[in-house]
Structures are given as structure tokens and as C-alpha cells.
Amino acid sequence: MEPPAGGSVGVTGSSDVSLFAGIQVRHDQDLGYMHHKFAIVDKKVLITGSLNWTTQAIQNNRENVLIMEDEEYVRLFLEEFERIWEEFDPTKYNFFPQKKRSR
């Protein structure tokens, strides 16, 4: 599935979703956190690395970021984005899991 025109972003934690007005947002419901840090620009440029995209990290941390225009890497990361975009589809969330009956 293609993300909607206008873009998409995944957020977790205390992110201010109002900052993303007009952009569809999805988040995970797992106990662990999705820890991917990558962006794909116009399906041509891949940005990835250890960098947490915060002012704190940019100004104070020792981080790395890689920016490349390599069709194969862009394709692989785009496939991963589309996989997790579907995985975190809110219509598939199970807010009230059924308890297993004991026999």
C-alpha cells in the first residue's frame, strides 16, 4: 500500500501529533519499540543512521547519518516502510484481546 499523498510518518512516545496536521500517522502497539531511523525522499534518496532526529541529538550526541541515492537500498528500505505501514494499520488493532478459556 502506498502512503497517502501528502506523506506519512510514524510516531511513538510523547510526540505532538498536532505538528503533523494533515499527515496520516501510525504507531506501533508492541511492548518493544520500533526503532527504525530512516526517511525516503521522493523514492530516490535514503537517509538513515543512528541519529535521533531531535535538537538534543543533533547538538550534543555523537551520531551518524548516511544519505544516499542508491536504487537498490532505496527499494529495500521502501519495502520495509510499506511492510510496517501495513503492520501498524489501526483497523487491524486488537484493543480487547479475547482471553483463552481454560478447559
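These notes cover the structure that comes with them.

So, how was this worked out
Residues numbered from 1 in each chain as written. Predicted model: local features only at pLDDT ≥ 70, side-chain atom pairs only at ≥ 80, totals over all residues. Heavy atoms only, no water. Pairing = 2+ DSSP bridges. Helix = DSSP H or I, 4+ residues; strand = E, 2+ residues; numbered from the N terminus. Axes fitted to C-alpha atoms, helices over the stretch in contact; angles between N-to-C directions. Contact = heavy atoms within 4.5 Å. Phe/Tyr/Trp six-rings, centres within 6.5 Å; stacked < 30°, edge-to-face > 60°. Buried < 20%, exposed > 50% of the residue type's maximum accessible area, 1.4 Å probe, protein only. Salt bridge = Lys/Arg side-chain N within 4 Å of Asp/Glu carboxyl O.

Overall, antiparallel pairing links the three strands, which are arranged β3-β4-β5 in an open sheet. Single-partner strands in this sheet number two, and they are β3 (38-41) and β5 (65-68). Adjacent strand axes in the sheet meet at a mean angle of 10°, parallel and antiparallel pairs treated alike. Sheet strands touched by helix α2 (residues 71-87): β3, β4 (45-49) and β5. Its angle to β3, the strand with the most contacts, is close to 115°.

The next subject is the packing of aromatic side chains. The description of an aromatic ring pair uses the distance of the two centres, along with the angle that the planes make with each other. Under the counting rule described, the total for this entry stands at two aromatic pairs. Measuring from centroid to centroid gives 5.7 Å for Phe81 and Trp85, while their planes differ by 25°, and the two rings are stacked. Remark: Trp85 and Phe81 occur in helix α2; sequence separation between them is four residues, near one turn of the helix. The same class applies to Phe81 as to Trp85, namely buried.

Our focus in this paragraph is the pattern of salt bridges. Here the structure, examined in full by the defined rule, presents four salt bridges. In this structure, the salt-bridge partner of Arg75 is Glu72, at a minimum N-O distance of 2.5 Å. Of the two residues, Arg75 and Glu72 both sit in helix α2, three residues apart, roughly one turn of that helix. We note a salt bridge from Glu87 to Arg83, for which the minimum N-O separation is 2.8 Å. Taken as a pair, Glu87 and Arg83 lie in helix α2 at a separation of four residues, close to a single helical turn. Among the ionic contacts, a cluster of salt bridges with common partners joins Glu72, Arg75 and Glu79.

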